[in-house]
Amino acid sequence: MAQRHSKQPVDYKGSLNTAQQIVALDTRYNACRPLPHQHKLQYLRRRNQLLQENAKHAEDPLIRRRYLRLRAQVLCGRYGPLDKKSNRSSSRISSSRHSLHLSRESLSKPTDSRNSSFLSPGGLVPTRKAQASRAMAGDASLSEHYAFCGMDHIFDKHSDAVTTIRFANNDKELLACASRDGNLSVFSLLSHPPSLSCVLRGHTRAVNDFDWSVSNDFIVSASSDGSCRLWEAGSGACLREIEDSSGARSLSCRFHPHNNNIITLGNSKGQVRVFNVSTGKAVKGGGAKCVGAALSLTFDSSGSILWVGDSKGSIFSYGLDLVSGKLQRLKRIIVSPGCMLTSLSYRTWVNREARDPSLLVSCTDSTLRLFRILMDGGVYVKSVFSLPHSSHHIHSAFCPLMSFLQGACVVSGGEDGSVYFFDVESGALVNKLQGHSSPVLCVCWAYDESILASCDSEVSNVTC
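Along each chain, residue indices are assigned from 1 in the same order as the chain's sequence is written. Residues qualify for local features only when their pLDDT is at least 70, as the model is predicted, and side-chain atom pairs are given and counted only at 80 or more; totals for whole chains, interfaces and linings, by contrast, use all residues. Side-chain metrics rest on all non-hydrogen atoms present in the structure, leaving aside hydrogens and water.

## Considerations on the packing of aromatic side chains
Filter applied, for reference: A pair of Phe, Tyr and Trp rings is counted when the ring centres sit within 6.5 Å of each other, with Trp represented by its six-membered ring. The angle between the planes then sorts it: under 30 degrees is stacked, over 60 is edge-to-face, the rest tilted. Burial here depends on accessible area, computed with a 1.4 Å probe over protein chains only, as a share of the maximum for the residue type. Under 20% is buried, over 50% is exposed, and the range in between is partly exposed. Working definition: helices are DSSP H or I runs of at least four residues, strands are E runs of at least two. Numbering for both runs from the N terminus.
Under the criterion given, the structure shown has four aromatic pairs. With a centroid separation of 6.4 Å and an interplanar angle of 15°, the aromatic rings of F316 and Y318 are classed as stacked. With respect to class, F316 is no different from Y318; both count as buried. Both rings, one in F421 and one in W445, keep their centres 6.2 Å apart while their planes meet at 65°; by these two values the pair is edge-to-face. Taken together, the residues F421 in strand β24 (residues 418–423) and W445 in strand β26 (residues 440–445) connect sequence positions 24 residues apart. For W445, a relative accessible area of 9% gives the class buried.

So, in structure tokens, the structure goes:
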């Protein structure tokens, strides 16, 4: 005799989506709770963790949806309807999970809860900006999304290896390259084939690193000749030169993410210094020391934390006073003793399932590591990916749109001449691009993932 209550397949996706809508509802009311700010964040993180775990075992998604409606009624009865809150309250309530995680870095912009719906069918990223990004990403799987149609153009404007390449911020039409021949070049991708806009000449030895300013008006470069130069990106004119007072090679440089007047430099002696661009002088108290050479730098999204990777296998974190420019050492994390940390990249949140701030680290022990950053500034290893990397200064990167895909990917060059794409959650190799004949030193994305650029240790860099 057949059973009346046969067990139905679990609608895991539906349960998980509803769980995320519940967290979105709690997020919007979170500003109304009489709790300290750090307790509110801990509450949301723990609540989301439990909801996702329970969603895997939920047999009837309708129960979770009824709970969502009841909880909305309870919160509305206790704190009042959101559309009647004062402007002061609504400005503190994040209307999407994306806004939530930006607010952890004190950068989220006020959002009007009346213009978004936490009960929308997607229920995940309801803001207009996030929906636009999801539209660019589409609904393709990771392997489908990162399947390339072929090589678009090969640049060969330098006489030595291209060490670093970067697209301008939020601009897929400007691509800059730094080379061991001492020059930098800026290309315009508007035309086909792309055209050379200008060449930045002045360094006498290899350019090891460079960075675009927030507004894309300036470029800062660090060279083995011991100098750092500030360039006008449009004309290629050198506006300022800063010599290393210790005679060391300049290895890394970064603009502050919110202040073009502040740059940070790292050298071969492990010294990290903060400079005022207007005066060209080091900021008093803005110096720090690593164990090995300061190979890589990155800021968190607020610009208040500086991460430094050195040649001895350690990551150092420093607090930056945004008013005075002083550095204060926070933590040291030993990743792989004796190995070089050739690249650091920061991301406020990885994807919709992994919302903690993350740090991507390239290491010469043949690994690419993803660290999750804890509330106290500590880190723990989330994923470790294997790839050929034992001696070259290879740079890796987060994929810009992965926060809006069903999954998450990171990309890195390899010493076998390939470009590797890894799934953050499963650790699987999603794709492997071949076409270089020597170690791939750097990869970078256009902000909309329409173009991937890569460069190798010979004299060409390829745009895919």
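Now, onward.
## What about unusual backbone geometry?
In this structure, N170 is a non-glycine residue whose phi angle is positive, near 55°. Within the fold, N170 resides in the loop between β2 (162–167) and β3 (174–179). The class of N170 is exposed, set by a relative accessible area of 65%. Even without being a glycine, E449 presents a positive backbone phi close to 60°. The residue E449 is located in the loop between β26 and β27 (452–456) in this model. What makes E449 buried here is its relative accessible area of 9%.

## Remarks on helix α3 (residues 61–79)
Applied cut-off: Here the expected length of a helix is defined as 1.5 Å per residue gap, with one fewer gap than residues. Within this analysis, the arc is defined by the directions that extend from the helix axis to the C-beta atoms.
The end-to-end C-alpha distance of α3, which contains 19 residues, comes to 27 Å, matching closely the 27 Å that a straight helix rising 1.5 Å per residue would cover. Looking at α3, one finds that the buried residues are P61, R64, L68, R71, L75 and Y79. Each buried residue of α3 lies within a common arc of 70° when the element is viewed along its axis, so the set occupies one face. Counted as exposed and oriented over 90 degrees from the buried face of α3: I63, L70, Q73, V74 and G77.

## Some words on the confidence of the model for the protein chain
Note the cut-off: Each residue carries a pLDDT score, the predictor's confidence in it, ranging from 0 to 100. In what follows, a contact means two residues having at least one pair of non-hydrogen atoms within 4.5 Å.
Averaged over every residue, the pLDDT of the protein chain is 78; residues scoring 70 or more account for 70%. The low-confidence segment residues 1–13 (pLDDT under 50) makes seven contacts with residues lying over four places distant or belonging to another chain. Predicted confidence is poor over residues 84–131, with pLDDT under 50, and the contacts of this stretch with residues over four places away or in other chains come to 94 contacts.

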